[in-house]
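# An overview of the molecular structure
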Amino acid sequence: MAQLLIVDDEAHVVERLAELVPWERIGIAAVHKAYSAYEALELLNAHAIDIVISDIRMPGISGLELSRHIRDKWAKTKCILLSGYAEFEYAKEAIANGTASYLLKPVTDEELLDTVSGVLETVREEWNAVISQERIARTLRENLPQLRSTLLGELLLGKRYSEAELRDKMEMLDVPDLFGKPVSLLLVRLEKPFYGYDPRGLALVEYAVGNIAGELFAPGFQLWAGKDTYDYLVFAVSSEAGEGQEERQQALERAVEQLQEAIHAYLKGEATIVISREGTFPGDVSALYDGTLSALRRRVGNEQDLILTAADGPSERTELRSLASLYELPSLAQLLEAGQWDVADQRIERLFGELQTRSGCIQEMLLEAYFAIASAASSYAHKNGRPLSGLIGPGYDQLLQGVPYRSVRHLQDWSVALMSSLRCETESETKRSRAKLIADVRQFVERRLAEDVSLTAIAEHVYMHPVYISKIYKRETGENVSDYVHRLRMEKAARLLLHTPGKIYEIAADVGYQRAHSFINVFKKHTGLTPQEYRDKYASPQSDSEVKRHDTSI
């Protein structure tokens, strides 16, 4: 649905076009009003306006100048200028400068609707071109290396995808089909002299290493290249041959030796390469990555230009492992910060499912889980400017006691209760915040009904973006802000007509209409009667004599 802005220094023209033309018939969802080009520019900054209808001759910035501003700053926004015969030459100049169309006054509703509908079709065609499959495909091709690297990096850090989702992503990025295949990881740390290169030079070296690896490993291996958060190059490698694991490992080690020699010979530098044990894609990828990092840290350290195979020995197989569910991406703290409560609950459930399968050092694992969960909750509270005690209530006292949990079940119960408290309090705070916003909007409108109660004015009063106010108000109340303002004006006008002796133009001013004619047209559209007809038909006998003593003509 599109948004329209009407600009004219004559308020009654703006009101008539905004209120009486059935814009919804051609797909206009919102109509904004401005009484000068300056107000129009403010509204264009605040809203995603698709079409502007502007009078060509206005004091200050003319409609022609406004159209130039719009063309320079909001290229996708189209302008339609309204001009009299005297400004016809201006209108021709406007068309030459890129204005979408112009109309000669006086203009009928049907002319307006037909013209705006045609311009809307042009807007849609332009956006369709922007999102065309050809353009998307071209952009995708240009960014494939970075997108592939990002996806592999997410898998290394434990981000979970459904099989269907991951297959779709890999197919879209033209990544080799590794599902269910034995796969190893190569961790490549570029060393002297590369760590002295500037970012551009280093990027060229990394690109060259990827190309060299692609040449050396083909056709016997499938290769997926990426980069981790420590700026190490990472390759997921799967053998195309059907030999046994030992033969695959030997072939991989020979290829890695060739890669290191090529870096020496062609790039004049050194690199340490760690080869992981073999696992199955995608389930083992994160564990393989952790193993290569551990081997690099413990067995290589600061030594350079080495090749290490980090296949599990007896000590690696029996050592205590971290709880993988705690460190998947997005982290628990990130899930809470993003308000993804259902996913956070699933993460907690999966964590304790993992704990149930562990044996040995269970107290240390409970401690690890406890600190991670408490840290995520504290981080969430403080980023929201709240003390944790205020968010979780009585559960905070248990947190202060340290780790009083001697079983997985006890810690799980505490964790579930903690997440529930955070969620309930946050949702309550959201409801209170929205209720206050609705009350502030209504109070502002009621007090200033005879003045500017546009969405922009409301937004400035409550210090929030107009789009946010518009959407939240509609979501919470079921009606648009503009509908509420219109309804309030009509209700107040009806009361004043029935219970006061005020003249029609006085009542029009009291409810925010500068021109009585605009008020009469809008009131008749709302009630089916003119203000005078409404007063004559519904005024009570008691007040009738009082009303008749006053001249109620315009």
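Structure: above.
The sections below set out a description of the structure shown in this document. Because the structure is a prediction, the values reported are computed rather than measured.

Reading the values: the criteria
- Sequence order sets the numbering: in each chain, residues are counted from 1 along the sequence as written.
- Confidence filtering applies because this is a predicted model: local features only for residues at pLDDT of at least 70, side-chain atom pairs given and counted only at 80 or more, and all residues used for totals across whole chains, interfaces and linings.
- Hydrogens are left out, water is left out, and the side-chain values use all remaining heavy atoms of the structure.
- Think of a 1 Å grid over the protein atoms and nothing else: a 1.4 Å probe that fits but is trapped marks a cavity, an open set flanked by protein within 12 Å on at least five of seven lines marks a pocket, and residues with an atom within 4 Å of a point count as lining.
- Grid points are joined across faces, edges and corners, and a volume is the space filled by probe spheres set on the points.
- Only DSSP runs of H or I with at least four residues qualify as helices, and only runs of E with at least two residues qualify as strands; both kinds are numbered from the N terminus onward.
- Three residue categories are used. Nonpolar comprises Ala, Val, Leu, Ile, Met, Phe, Trp, Tyr, Cys and Pro, charged comprises Asp, Glu, Lys and Arg, and polar comprises the others, including Gly.
- Salt bridge, as used here, is a side-chain nitrogen of Lys or Arg placed within 4 Å of a carboxyl oxygen of Asp or Glu.
- Exposure categories follow from relative accessible area, calculated using a 1.4 Å probe and restricted to protein chains: below 20% of the type maximum is buried, above 50% is exposed, and the middle band is partly exposed.
- By nonpolar core is meant a set of buried Ala, Val, Leu, Ile, Met, Phe, Trp, Tyr and Cys residues that side-chain atoms within 4.5 Å join together.
- Residue contacts are defined here by distance: any two heavy atoms, one from each residue, within 4.5 Å place the two residues in contact.
- Only the contacting stretch of a helix is used when fitting its axis, a line to C-alpha atoms as for every element, and angles between N-to-C directions run 0 to 180 degrees.
- Our angle categories are set so that under 35 degrees counts as roughly parallel, over 145 as roughly antiparallel, 65 to 115 as roughly perpendicular, and the remainder as oblique.

## Observations concerning the layout of surface pockets
The probe, sized like a water molecule, is rolled over the atoms to show the empty space still left. Taken as a whole, the largest pocket holds about 1,500 Å³ of empty space. Lining the largest pocket we find 48 residues, and of these Glu 19, Val 31, His 32, Lys 33 and Ser 482 sit closest to its centre. Listing elements by their share of the lining of the largest pocket, those giving two or more residues are strand 1 (2–7), helix 1 (11–20), strand 2 (28–34), helix 2 (37–46), helix 19 (455–462), helix 20 (466–477), helix 21 (481–499) and helix 23 (516–527). Broken down by class, the residue content of the lining of the largest pocket amounts to 21 nonpolar, twelve polar and 15 charged.

## Things to note about the pattern of salt bridges
Following the criterion strictly, the structure yields 32 salt bridges and no others. For the salt bridge of Asp 72 with Arg 71, the shortest nitrogen-to-oxygen distance reads 3.4 Å. A relative accessible area of 37% means that Arg 71 is categorised as partly exposed. As a salt-bridge pair, Glu 425 and Arg 386 come within 3.5 Å of each other at their nearest N and O atoms. Of this pair, Glu 425 sits in helix 18 (residues 408–447) while Arg 386 sits in the loop between helix 15 (362–383) and helix 16 (388–392), and the two are 39 residues apart along the sequence.

## What to know about the nonpolar core
Ranked by internal contacts, the top residues of the largest apolar core, which has 31 residues, are Leu 336, Phe 352, Leu 355, Ile 373, Trp 414 and Leu 422. Elements with a contribution of two residues or more to this core: helix 13 (332–337), helix 14 (341–357), helix 15, helix 16 and helix 18. The biggest single contributor to this core is helix 15, with ten residues. Those residues in contact with Leu 422 that sit more than four places away from it in its chain are Leu 336, Trp 341, Ala 377, Tyr 380, Leu 388, Leu 391 and Ile 392.

## Describing unusual backbone geometry
In this structure, the amide linkage connecting Phe 281 to the following residue, Pro 282, adopts the cis form with an omega of 0°. As for its position among the elements, Pro 282 is in the loop between strand 10 (279–280) and helix 11 (285–300). Note that the residue after Leu 329, namely Pro 330, is joined by a cis bond; omega there is -10°. Phi at Asp 174 is positive, roughly 60°, even though this residue is not glycine. With respect to the helices, strands and loops of the structure, Asp 174 is situated in the loop between helix 8 (163–172) and strand 6 (182–190). Although it is not a glycine, Asp 305 adopts a positive phi angle of roughly 60°.

## A word on the environment of Leu 5
Note that Leu 5 resides in strand 1. Residues Leu 5 and Gly 339, spaced 334 residues apart in sequence, show a C-alpha to C-alpha distance of 35 Å. The residues touching Leu 5, leaving out its near neighbours within four places in the chain, are His 32, Lys 33, Ala 34, Ala 40, Leu 43, Leu 44, Ile 49, Ile 51, Val 52 and Ile 53.

## A closer look at the packing of helix 19 against helix 20
One can describe the packing of helix 19 onto helix 20 by two numbers: an axis separation of 9 Å at closest approach and a directional angle of 100°. On the basis of their axis angle, the class for helix 19 and helix 20 is roughly perpendicular. Every residue of helix 20 that contacts helix 19 at Leu 455, Ile 458, Ala 459 and Val 462 is listed here: Pro 466, Ile 469 and Ser 470.

Purely geometric stuff here, so don't read any function into it on its own.
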